[in-house]
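Close look at the chain arrangement
Residue strings, one per chain:
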Amino acid sequence: MDSPTCKLASDFSTLLDNFNLTQHITFPTHNKGHILDLVCSANIPVLNIQPSPFPLSDHKLIQFTIPSPSPRLKLPRVISFRNIKSIDPLHLSDLLSAALHLDPPPTSPDDLTNHLNATLSDSLNSLARLRTKTVSFNTSSPWFTPHLRKLKQTGRQLERLWRKSSLTVHLEAYKSHLITYKDAITAAKSDYFSTIINDPTRNPRTLFSAVNTLLKPRANTLSDPSPNLCNSFLQFFSDKITTINNSLLPVSDPAATTPTPILSIPLDRLTPPPQQGRTSRFSVESSCLCALPVVLTTVHVLLFLLELLSASRCHRSLCFTTKEVYQNGCSEH
């Protein structure tokens, strides 16, 4: 790199300039001389560059220091809240009635106001104590500013007010605030990404990641509907029902009556019907309906439906087998 007559070195220096890269080595890095090892950077200061002999190579070891930004920490945030829904209105009314009565009553309006505020605060603290909770956000949104958080809280307050009163004026105020909130989000995102793109001291990797996020949004991760997906969905719930069925213990009810025995139909001998009444149909009425226990859970209902489906398949197979035996017996006669 230190030879002015080398065309390759000159072309390489031009290439570095085109990509806005800076070459910081100005001393020989080889035992025989010349600059063979390079340290290049883009808008990053390189400090304390020092060559050191390296016993395993004929090249020198180059040591330098660069400032590296620390990763963005996800600082936890402490929030405070009250469980207002747990307050009993009757209990609150009794507390206020007992605390607001003073003898003698204050004569100054300021004293009355201070007494009312103190009474309400004490009653609220006794019924719904102020609690704190530490929360942290997994998905980092660096463009989400405290101003946007305040606008979001105001929007929730307006929404609750509209749902409580159902007034048109509150609905219009809520819609107007939503438009303001969306415009503020767009402006905050624009300012954030503009700062990343226009800042020359930014890491190029951060710049490329921001541009890729803007030009290539996240693809949809939902699967396309298909018969295989439907079958896997059905198989999942079937296995789930089977697992729950196997985990259930049999419940013995001493007051239950003895179940009605199942009527068995012997098929070893059949009497053929008269010639004029012979048909190709043969049906068997099964008296397999027993007293079923009353079940109230959804799992038992699903299990009963599955067993009923299985019984119907067995009944259909029984009808076909009986029909074949009947036809064979008729043909022999």
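Scoring rules and cut-offs
- Every chain is numbered on its own, with residues counted from 1 as its sequence reads.
- Local features are withheld for residues below a pLDDT of 70 in this predicted model, meaning they are given only at 70 or higher, and side-chain atom pairs are given and counted only at 80 or more; totals for whole chains, interfaces and linings count all residues.
- Water and hydrogen atoms were dropped before computing side-chain values, which therefore reflect all heavy atoms in the structure.
- Secondary structure follows DSSP: runs of H or I at least 4 residues long count as helices, runs of E at least 2 residues long count as strands, and numbering of each begins at the N terminus.
- Working definition: with a 1.4 Å probe on protein chains only, accessible area under 20% of the residue-type maximum means buried, over 50% means exposed, and in between means partly exposed.
- By the convention used here, residues are in contact when the closest approach between their heavy atoms is within 4.5 Å.
- To measure how exposed things are, a 1.4 Å probe is used in the Shrake-Rupley method; for residues, cover is taken only from the protein chains shown.
- By definition, a salt bridge exists where a carboxyl oxygen of Asp or Glu is found within 4 Å of a side-chain nitrogen of Lys or Arg.

1. Considering the overall build of the protein chain
Scanning the protein chain from terminus to terminus reveals eight helices and six strands. Put simply, the protein chain runs from its N terminus to its C terminus through helices and strands in the order α-β-β-β-β-β-α-α-β-α-α-α-α-α. For the protein chain, buried positions account for 12% of its 333 residues. At a minimum sequence separation of 6, the contacts of the protein chain that also span at least 24 residues come to 53%. Here the protein chain has roughly 27,600 Å² of accessible surface; of this, 59% comes from carbon and sulfur atoms.

2. Description of the pattern of salt bridges
Counting across every chain of the model gives two salt bridges. Here Lys 7 and Asp 11 are joined by a salt bridge, their closest N and O atoms 3.0 Å apart. With Lys 7 and Asp 11 both in helix H1 (residues 7-18), this residue pair falls four residues apart, about one helical turn. On the basis of relative accessible area, Lys 7 is assigned to the exposed category, the value being 61%. Salt-bridge contacts for Arg 163 lead to Glu 159; the nearest nitrogen and oxygen are separated by 3.3 Å.

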